[in-house]
Amino acid sequence: MAKHGALDLNLVASTVNGSGSQSANLVLTRAIFAMGIPVAPKNLFPSNIEGLPTWFYLRATSAGYRAGRRRADLLVALDRATFAADLARLEPGGVLVFEEAFGPPPSGAGSGPHLYPVPFARLAKASIPDADLRKYLTNIIYVGVVAEILGIPDAALEEALLHQFKSKPKALAANREAITTGREYFRSNLTKTDSLQLAALDQTEGQLLLEGNQTAALGAIMGGCTVLAWYPITPSSSLAEHVIGLADRYRVDHETGERRIATIQAEDELAAAGMVLGAGWAGARAMTTTSGPGISLMAEFIGLGYYAEIPGVFVDVQRVGPSTGLPTRTMQGDILFAYTLSHGDTRHPVLLPGSVLECYQFMQQAFDLAEQLQTPIFVLSDLDLGMNLWMTEPLPYPEYDFDRGKVLHKEQLDQMTRFERYRDVDGDGVPWRTLPGTEHPLAAYFTRGSGHDEAARYTESDETYTRVMDRLARKLETGRERLPAPIVQGGSADVGILAYGSSHHAVVEAIDILAARGLAIDYLRLRALPVASQVADFVSAHERVYVVDQNRDGQMQQILQIELGPDLAHRLRSVRHYDGMPLFAADLVDQIEPAEEPAVAEARALPLAAGAR
């Protein structure tokens, strides 16, 4: 758990979905957080409603790393069906808390684990008369046992309970008693033989625990969203639900009761996309949120938005595919798909937040970009970032006004004799637009998804079509440098890592591990597509650049090979992770270190060779 006085504890709880395990897991997370200890929780749940195994990973580390670890220092095993397999997660000499009725673990399980059998079912039956309530409180008993093992104080648990059940105050007493039951059973019946112990730190002061879907929703409200059209799909539904909840609080005229936002659950994702584009054409700041299967259904409308040049924000909280795939596991499998979505020649600006803070900031920026470039904008998160809690600094209040781009109002139209919707008069590829309802006869215009000229007139002229398509490509180049710029760390190593999205947190830790083993690595975090000029500079400055993708086919590497061209593509190396688990630092180290071992060995030998001369 600890090296040189540092704290690095990883707990894994194996429970059954639908048994109240999430509440127990979050109480434990927030209690450790209340002790001033940085936490990184990961919830791995099945796609059914109830009955299948679910796992919770909770890392507490004084180093502040926000990626998880695969193996457990402390394993809580409450699911008989996975008991034997779960034992393989336990580190040698680790701590095993398990349901006593399972019987002792197999003799070959682990290397000398500290065993704490607890009769959870019997304790729950004896202390919780209500059978329905008993089902949900059994897991809370495990929190009491773990709190006793780790030395978590009652004050921290109470703070966590108050937060978790602030909307259900009647549940507080029962949950408090269940924790006490676990504590007292351990004290009275078991003897602590392990060395695991948590001591309070001061590293969470001013920090918050938030989900990416939660902060993205707040970013949408702050970004001026006035229309949300959506259809439920895991893992994006909570984003829409958060928008609706925030709108009920902050988008209502308190004098008249009038809502200042329209939130619509459409009949399907295709309908939702159509509503977004209709609202965008009418001048609203409109969005939808979905996942990969929903994006598939939206493809035709998104092509219309690209060619007819209508602003709209499309959030894709990615999950594992193809098809239904593993709908409650995380992936970055929609990158290539979203970037080029629709038939024909299309490319879309794509924002790639890597933290819950960026989910908040990029959502605000997406609405500005959609209107500045008059095109659909994608924001690609993933299940890990969207649905798990992350430590973050407070979200800053925006200090700038909305930028609605090139919009002609009555005053400007009064000075004009002709308005052509699709004519580029500034050379940046972005035409001027009007908003329907503007009191001027030139304000109305047709939006065409078929061949059209600069005045939105139907045409099948090959020359005109080519001219329009070239302008659309020029518009994307204009947008390239307006997108969030890459962030570069280091600059003197021969080797680089390029990553994006939630991979960032594992990359940070992996670079530290590799540095301790003698391998220096620079890092570029990509935050948008199309790529900025800094990406080519970074790749050209390094002999090898490892491109981290959470998908099977190395989709970002494919995009970079096209964007950077053959002169730089040969420097790229693909590092892929696609089992649906969140990316851990070890997943990167295990791929990069063997590939770099010859270079590391050569570097270590240089001083010896120099001394031999």
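Fair warning: this is a prediction, and the values are worked out from it, not measured in the lab.

Student: Before we move on, can you summarise the sheet that holds strand β18 (residues 487-489) with the specific residues and values?
Tutor: Strand order in the open sheet formed by five strands is β18-β20-β19-β22-β23, and the pairing between neighbours is mixed. Since the sheet does not close on itself, it has two edges, and those belong to β18 and β23 (572-576), each with one partner. With direction set aside, neighbouring strand axes in the sheet form an average angle of 20°. Sheet topology places strand β22 (residues 544-549) next to β23; five bridges connect them, and they run parallel. Of the residues in β23, the one forming a bridge with Asp-549 is Arg-576. Each of β19 (495-500), β20 (521-526), β22 and β23 touches helix α18 (residues 555-564); the most contacted strand, β22, lies at about 130° to it.

Student: Lay out the nonpolar core with the relevant residues and their values.
Tutor: Within the largest apolar cluster, 55 residues are counted, with the highest numbers of intra-cluster contacts made by Leu-74, Val-97, Tyr-142 and Ile-152. No other element matches the 10 residues that helix α4 (residues 131-150) contributes to this core. With residues up to four places along the chain from it excluded, the contact list for Ile-152 reads Leu-28, Ala-31, Ile-32, Met-35, Ala-147, Leu-157, Arg-183 and Leu-198. Within the second largest apolar cluster, 44 residues are counted, among which are Ala-266, Ile-310, Phe-378 and Val-545.

Student: Help me get a handle on the domain arrangement of the protein, residues and values and all.
Tutor: Along its sequence, the protein is carved into domain 1 (8-189), domain 2 (210-392), domain 3 (406-484) and domain 4 (487-612). Put simply, the middle of domain 2 and the middle of domain 3, counted by C-alpha atoms, are 25 Å apart. Contact with domain 2, which involves 24 residues of that partner, is made by 29 residues of domain 3. In total, about 2,300 Å² of surface goes out of reach between domain 2 and domain 3, with carbon and sulfur atoms giving 57% of it. Looking only at domain 2, the three residues that lose the most surface to domain 3 are Trp-281, Tyr-307 and Glu-309, adding up to 33% of its buried area. Applying the counting criterion to the domain 2 and domain 3 interface returns three salt bridges. Linking Glu-309 and Arg-471 is a salt bridge whose minimum nitrogen-to-oxygen distance equals 2.5 Å. For the pair domain 2 and domain 3, the number of links is 11 residue pairs in polar contact (both at pLDDT 80 or more). Mapped by element, the contributors of at least two residues to the side of domain 2 that touches domain 3 are α9 (269-281), α10 (292-308) and α12 (356-373). Per element, the largest residue contribution to the side of domain 2 that touches domain 3 is six residues, and it comes from α12. The residue inventory of the side of domain 2 that touches domain 3, partitioned by class, reads 13 nonpolar, seven polar and four charged.

Student: Can you explain helix α8 (residues 237-250)? Please cite residues and give values.
Tutor: Spanning 14 residues, α8 covers 20 Å between terminal C-alpha atoms, matching the ideal 20 Å at 1.5 Å per step. Among the residues of α8, Ser-237, Ser-238, Leu-239, Ala-240, Val-243, Leu-246 and Ala-247 are the ones counted as buried. For α8, the elements touching its buried residues are α7 (212-222), β9 (227-230), β11 (286-290) and β12 (312-318).

Student: A description of the side chain of Arg-544 should follow, citing residues and the corresponding values.
Tutor: Inspection of the secondary structure assignment puts Arg-544 in strand β22. By relative accessible area, which is 18% here, Arg-544 ends up buried. In this structure the side chain of Arg-544 is engaged in a polar contact, spanning 3.4 Å, whose partner is the side chain of Glu-543. Side chain to side chain, Arg-544 and Glu-596 meet in a polar contact 2.7 Å long. Setting aside anything within four residues of it in sequence, one finds Arg-544 in contact with Asp-494, Val-495, Gly-496, Arg-571, Arg-573, Glu-596 and Ala-599.

Student: Can you lay out the packing of aromatic side chains for me, pointing to particular residues and giving the numbers?
Tutor: As enumerated under the stated definition, the model contains six aromatic pairs in all. Aromatic side chains Tyr-116 and Phe-186 sit 5.1 Å apart centroid to centroid with 70° between the ring planes, which places their arrangement in the edge-to-face category. With a gap of 70 residues between them, Tyr-116 in strand β7 (residues 114-118) and Phe-186 in helix α6 (residues 172-189) connect regions that are remote in the sequence. Of the two residues, Tyr-116 and Phe-186, neither departs from the other in class, the shared state being buried. Positioned above the aromatic ring of Phe-402, the side-chain terminus of Arg-285 is 4.6 Å from the ring centre.

Cut-offs applied
Residues numbered from 1 in each chain as written. Predicted model: local features only at pLDDT ≥ 70, side-chain atom pairs only at ≥ 80, totals over all residues. Heavy atoms only, no water. Pairing = 2+ DSSP bridges. Helix = DSSP H or I, 4+ residues; strand = E, 2+ residues; numbered from the N terminus. Axes fitted to C-alpha atoms, helices over the stretch in contact; angles between N-to-C directions. Contact = heavy atoms within 4.5 Å. Core = buried A, V, L, I, M, F, W, Y, C linked by side-chain atoms within 4.5 Å. Buried < 20%, exposed > 50% of the residue type's maximum accessible area, 1.4 Å probe, protein only. Domains from an automatic or database assignment. Buried area = accessible area lost by both parts, 1.4 Å probe. Salt bridge = Lys/Arg side-chain N within 4 Å of Asp/Glu carboxyl O. Polar contact = N/O pair within 3.5 Å; in protein donor to acceptor, adjacent residues only side chain to side chain. Nonpolar A, V, L, I, M, F, W, Y, C, P; charged D, E, K, R; others polar. Expected span 1.5 Å × (residues − 1). Phe/Tyr/Trp six-rings, centres within 6.5 Å; stacked < 30°, edge-to-face > 60°. Lys NZ or Arg CZ within 6 Å of the ring centre and 35° of its normal.

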